[in-house]
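# Results of the structural survey
Given next are the chains, with one letter for each unit.
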Amino acid sequence: MLNFRGVCKMGESETEPLSSPEDDNSPQDNEYYCFLNVPRDASQTEITAAYKRLARNFHPDKHQDEAKRAQAEQLFTKLKKCYEVLSDPHKRAIYDCLGKEGLEEDGWAVVPRTKTPREIREEYENLARVREERRLQQRTNPVSRFELKVDATDLFDRYLYDVEYDDLIPSDLPHFEVSKLSMSSSIQAPLTNTDVASLRGSLTTSNGKGSGNFTTSYKRINTATSWQEASLTLGNGVGVDTRIYRRLANRLFINMSGSMQLVRQEMKPGFSCSLENHLDAHTVGYLTYTTNLGIFENENSYFVEEEASGMETTISRTTASYSAVARLQLGIPYTYATLSFTKPFKDKKNHLRVAFKVGTFGAILEYGVKEQITEHSSLGATVEVGYPVGVTVRILLKRDSQTYLFPFHLSDDIILQPIFYGTFVPLLCWFTAKKLILEPREARAKEKERLKRMEANRERVAEAKREALASCNLMTERYRRILREEEEKGGLVIITALYGILANDKGEMKKEVKNFDPKEPVFSDSFVDISLPVQYCVEDSRLILWEGGKDSLPGVWDPVPGEVKYILIKYKYQNTLHQVFQPEQEEIRLPKNSHRISS
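Note on numbering: residues in each chain are counted from 1, in written sequence order. Owing to the predicted nature of the model, reporting of local features is limited to residues with pLDDT of at least 70; listing and counting of side-chain atom pairs is limited to 80 or more, with chain, interface and lining totals taken over all residues. Think of the side-chain values as coming from all heavy atoms in the structure, minus any hydrogens and water.

Moving on, we get to the overall build of the protein chain. A run of H or I in DSSP becomes a helix once it reaches four residues, and a run of E becomes a strand once it reaches two; helices and strands are each numbered from the N terminus. In terms of regular secondary structure, the protein chain is built from 10 helices and 24 strands. The buried label applies to any residue whose accessible area, calculated with a 1.4 Å probe on protein chains only, is under 20% of its type's maximum; exposed applies above 50%, and partly exposed to all values in between. Considering the protein chain as a whole, with its 599 residues, one finds that 40% of them fall into the buried category. Contact criterion: two residues are considered in contact whenever any of their non-hydrogen atoms come within 4.5 Å of each other. Here the contacts in the protein chain between residues at least 6 apart in sequence split such that 50% fall between residues at least 24 apart. Here the protein chain displays about 34500 Å² of accessible surface, and carbon together with sulfur accounts for 55% of that area. Computed with the Shrake-Rupley method and a 1.4 Å probe, the accessible areas treat only the protein chains shown as cover for residues.

Attention shifts here to the side chain of Ser-231. Examined against the element boundaries, Ser-231 turns out to sit in strand E5 (residues 226-234). Discounting chain neighbours no more than four positions away, the residues touching Ser-231 are Arg-200, Thr-215, Thr-216, Ser-217, Gly-239, Val-240 and Asp-241.

Our next topic: helix H8 (residues 458-488). Expected helix span is taken as 1.5 Å per residue step, with the number of steps being one fewer than the number of residues. The end-to-end C-alpha distance of H8, which contains 31 residues, comes to 42 Å, matching closely the 45 Å that a straight helix rising 1.5 Å per residue would cover. Fitting axes to the seven residues that end at a residue and to the seven that start at it, the angle between those axes gives the bend at that residue. A bend of about 50° at Thr-476 is the largest found in H8. One or two steps after H8, the chain reaches Gly-490, where phi turns positive at roughly 65°.

Let us now look at the nonpolar core. The biggest cluster of nonpolar side chains holds 29 residues, and the ones touching the most others in it are Leu-36, Val-38, Leu-54, Phe-58, Leu-79 and Leu-86. Contributing elements (two or more residues each) for this core: helix H1 (31-36), helix H2 (44-58), helix H3 (66-86), H8 and helix H10 (531-536). Looking at this core, the element that brings in the most residues is H3, giving seven residues. Every residue in contact with Leu-54, bar those within four places of it in the chain, is listed here: Phe-35, Leu-36, Leu-79, Tyr-536 and Pro-554. The definition of a nonpolar core used throughout is a set of buried Ala, Val, Leu, Ile, Met, Phe, Trp, Tyr and Cys residues joined through side-chain atoms within 4.5 Å.

This brings us to a positive patch on the surface. The grouping of Arg-56, Lys-62, Arg-481 and Arg-484 at the surface amounts to a positive patch. Counting through the fold element by element, Arg-481 comes out in helix H8. Exposure above 30% relative accessible area and no salt bridge define the residues that can form patches, which grow by joining like charges within 9 Å and nonpolar side chains of Val, Leu, Ile, Met, Phe, Trp and Tyr within 5 Å. Throughout this description, the term salt bridge denotes a Lys or Arg side-chain nitrogen within 4 Å of a carboxyl oxygen of Asp or Glu. Under the convention used here, Asp and Glu are negative, Lys and Arg are positive, and both His and the chain ends fall outside the count. Working definition for charges: the position is that of NZ of Lys, CZ of Arg, CG of Asp or CD of Glu.

In this structure the tally under the stated criterion is 25 salt bridges. For the salt bridge of Glu-384 with Arg-394, the shortest nitrogen-to-oxygen distance reads 3.7 Å. Separated by 10 residues along the polypeptide, Glu-384 in strand E15 (residues 377-387) and Arg-394 in strand E16 (residues 390-399) bring together distant segments of the chain. For the pair Glu-384 and Arg-394, one class covers both residues: buried. Taken together, the salt bridges that share partners define one network made up of Arg-353, Lys-357, Glu-366, Glu-384 and Arg-394.

Attention now moves to H2. Its 15 residues give H2 an end-to-end C-alpha distance of 20 Å, which sits within 8% of 21 Å, the value for a rise of 1.5 Å per residue. Those residues of H2 lying buried are Ile-47, Thr-48, Ala-50, Tyr-51, Arg-53, Leu-54, Ala-55, Asn-57 and Phe-58. In this structure, the buried side of H2 is in contact with H1, H3, helix H4 (89-98), H8 and H10.

What makes two strands pair is DSSP finding at least two bridges between them. Both strand E3 (residues 195-206) and strand E4 (residues 209-223) contribute to a ladder of 12 bridges, which runs antiparallel. Considered in E4, the bridge of Gly-201 is made with Phe-214. Here E3 folds back onto E4, and the loop between the two strands holds two residues, one of which, Asn-207, carries a positive phi near 55°. Across nine bridges, E4 lies against E5 in antiparallel orientation.

Next up on the list: the packing of aromatic side chains. Each aromatic pair joins two rings of Phe, Tyr and Trp (for Trp, the six-membered one) with centres within 6.5 Å, and gets the label stacked for planes under 30 degrees apart, edge-to-face for over 60, and tilted for any other angle. Scanning all chains against the criterion turns up 14 aromatic pairs. Where Tyr-336 meets Phe-361, the ring centres are 6.0 Å apart and the plane angle is 70°; that geometry is what we call edge-to-face. Of the two residues, Tyr-336 is situated in strand E12 (residues 336-345) and Phe-361 in the loop between strand E13 (350-359) and strand E14 (362-372); the sequence distance between them amounts to 25 residues. Taking the relative accessible area as the measure of exposure, Tyr-336 reaches 3% and is therefore buried. An aromatic cluster of three or more residues is present, and its members are Phe-156, Phe-420, Tyr-421 and Phe-424. Note on geometry: a ring has a charge over it if NZ (lysine) or CZ (arginine) is within 6 Å of the ring centre and within 35 degrees of the ring normal. The lysine or arginine in question, Arg-53, covers the ring of Tyr-536, its NZ or CZ lying 5.0 Å from the ring centre. Over the aromatic face of Trp-227 sits the side chain of Lys-219, whose NZ or CZ is 4.1 Å from the ring centroid.

Time to look at the confidence of the model for the protein chain. Per-residue confidence from the predictor is reported as pLDDT, which spans 0 to 100. Predicted confidence across the protein chain gives a mean pLDDT of 82, with 82% of residues reaching 70 or more. Here residues 293-307 is modelled with pLDDT under 50, and outside its nearest four sequence neighbours on either side it reaches 40 contacts, counting other chains as well.

Relative to the elements of secondary structure, Glu-486 occurs in helix H8. Using a relative accessible area of 3% as the deciding quantity, one classes Glu-486 as buried. When near neighbours in sequence (up to four residues on either side) are disregarded, Glu-486 contacts Gly-491, Leu-492, Val-493, Gln-535, Val-538, Asp-540 and Ser-541.

Looking now at the environment of Lys-565. Mapped onto the elements of the fold, Lys-565 is located in the loop between strand E20 (543-545) and strand E21 (566-573). Each C-alpha atom of the pair Lys-565 and Gln-582 lies 8.9 Å from the other, and the pair is 17 residues apart in sequence. Sequence-distant contacts of Lys-565, that is, excluding residues within four places in its chain, are made with Tyr-499, Gly-500, Ile-501, Asp-558, Val-560, Pro-583 and Glu-584. Polar contact is defined as a pair of N or O atoms within 3.5 Å, subject to the rule that within protein one atom must be able to donate a hydrogen and the other to accept it, and that residues adjacent in sequence are counted only when both atoms are side-chain atoms. At 3.2 Å, the side chain of Lys-565 and the side chain of Asp-558 are in polar contact. Here the side chain of Lys-565 touches Val-560 through a polar contact of 3.4 Å, landing on its backbone oxygen.

Residues Tyr-387 and Pro-388 are joined by a peptide bond in cis, for which omega reads 10°. When you line up the elements, Pro-388 lands in the loop between E15 and E16. A cis amide bond links Leu-590 with the next residue in sequence, Pro-591, at an omega value of 10°. Looking at where Pro-591 falls in the secondary structure, it is placed in the loop between strand E23 (588-590) and strand E24 (595-596). At Asn-575, a residue that is not glycine, the phi angle is positive and equals roughly 60°. Within the fold, Asn-575 resides in the loop between E21 and strand E22 (576-583).

Here you go:
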C-alpha cells in the first residue's frame, strides 16, 4: 500500500515480540560483600583477610568498656554471619542466587542442602524459567489506537468566501465537523515461548461511510531473526495473508508477504518483498517491491489508489544525537521522494522532527515536536503544509501501548493564518498547561512520595544509624592510627566524604554539597558525612570500595532509602588535593579514578 507518510520498516519491530521492559528478577543482594568490602568474585583468601581485619575491631574481647563491648557483640554477630555465609561454598551459592531469603529455613524449599553450588544455580535458573513461562501466559500485550479527525476549514476558509463571493457571507460562528472516526485494538495470546496468537479488530467511519474488520493470526518465532506468520481477516470480504522473515547473511534480511482478498466474487492478490541491509551499527538500508492489485485508501484519506504498485528504497540512520531517513518511491500512480530529520533534546525526552516530501502528487512539508511528559506517556504536535493536503495540525498522545490521534484539518489551501495559528497555539497551550498545572503537580507528587517514603523508613533509618554510629565508635582508635600514619608519609588522607542525595536531576553536584565544610558541618537529612569509615578502609595509601550500595559498609547508613545516591570524596594524596564524585553503585579506586582540584 502506497503511503505518503512513510514505509513500514519490514522486520524492524517483529524480531522480539515477547520482550518486555519489566524484569521479574530482583537486584543482586550485595550486603554481605559490601560489609566485608570485597567483590562478589572474591577468593576465600580475600574473604578471610577482610574478616580478620574487621574482627580486630569488632571482637568483644578487644573492648573493656561495657558499652563498647555491647556494641561490639552486636556488630561481631553480623560479621560472623557474613563470614559464615561467604566462606561456605554451599551457602554462598544460595546467597548469590537467592539472597538472604534463600538462607531462611522455611524459604525456597526447592533448594536442598545436599546440592552442589552448580546444582543450586541450575535449580534457580529452572525456577526463573518456570516463573517466566507463567508470566508469559498472563500477558496479552494489548495495543489500541483511537483517531478523531476534525474538519475545521470553516475557521479560516470562510473569510475567503467573504472576499471572493459577495453572496456567501459566513455565519458569526465557525462550523466544525468530525470527518473521520476510527478505533482499533489488538491483543496477543502467547501459547509458548515461540508461538503467539493475536486478535485484532478495527472500526472506521469517514464521510458517512463505515467499515470494519477482524483479524486473527498465528506466529511462530524460530529465532530472533527468523519467524513466519499467517493471518485471516474478515470484513469487506475475506482476506488471507502470510509473512516470512529470514536472515540471508550476516547483515542481510528478507521479509516477504503475500495476500489474497475475496471481495464481491473478485480475487485481489497482493505481494511484497523487502530486503533489509545493516550497513553499519547505525545505518540500515531497505529495498522494497510492493504490488496490491486492488483498491486501497491511505491513512489520511487524501487519495484513493487503484492498482498501486512500486519499488522503494530507504536509507535510515539513527545515532544518539539524531535520526535521519531518505526514501525514494517509484510506482504507479505516484512517484515521490522523502527526507526526514529528528533531533532529540534534554536526555531524549524532547524531539524535533522535520520532513519534506515531493512527487507527482505535489509537495508536503511537515514539522513538529514531541515531549515525554511522564515515564509512560508522550505528547506531540505536527503541522503539515502542502499541496494538495492544505494545512493540518495533528495532536498525538501516547500512553504505554495506547495511541490517541487528533488531526485538525484547518484549510484546503496554503494560507498564512492557519499555518501561524496551527504552529503557535498548540505550543502556547502546552507551555501554559505545563508551567501552571503539570510541573507544580509533579513537584507536589514527588515531594509527597518522598515524605511518605521517609516516614515509612524512619525506624529503619534510625536503627541503621545507631548501628553505624556504634561501628564508628569502635573504629575510632584504628581510624586515628591510620590517619596519623597516612599524614606522616604523605599518603591518602580523607578530607571529606559525603554520601546521599548529592546531585540534582541532571547529575550535577548540588550547591550545598560543594560548599560543605567539615570544620563547620551543616545538618542535612539527605546526606551524611562518612569520612571516618572511608578513612578506616584505607590500606597502604590505597582505597578500594567495590561496586554496590555503600550503605552496607561498616560505619555507613542510608539516610534516604529508595533515592538515587552519590558519593563525594575529597582527599589529599602526596600533599595534593583530589576529588571523586560518582554514583554509589560504581566501584571506587583511589587515587586512580579521581581528578586534581585546586587547594
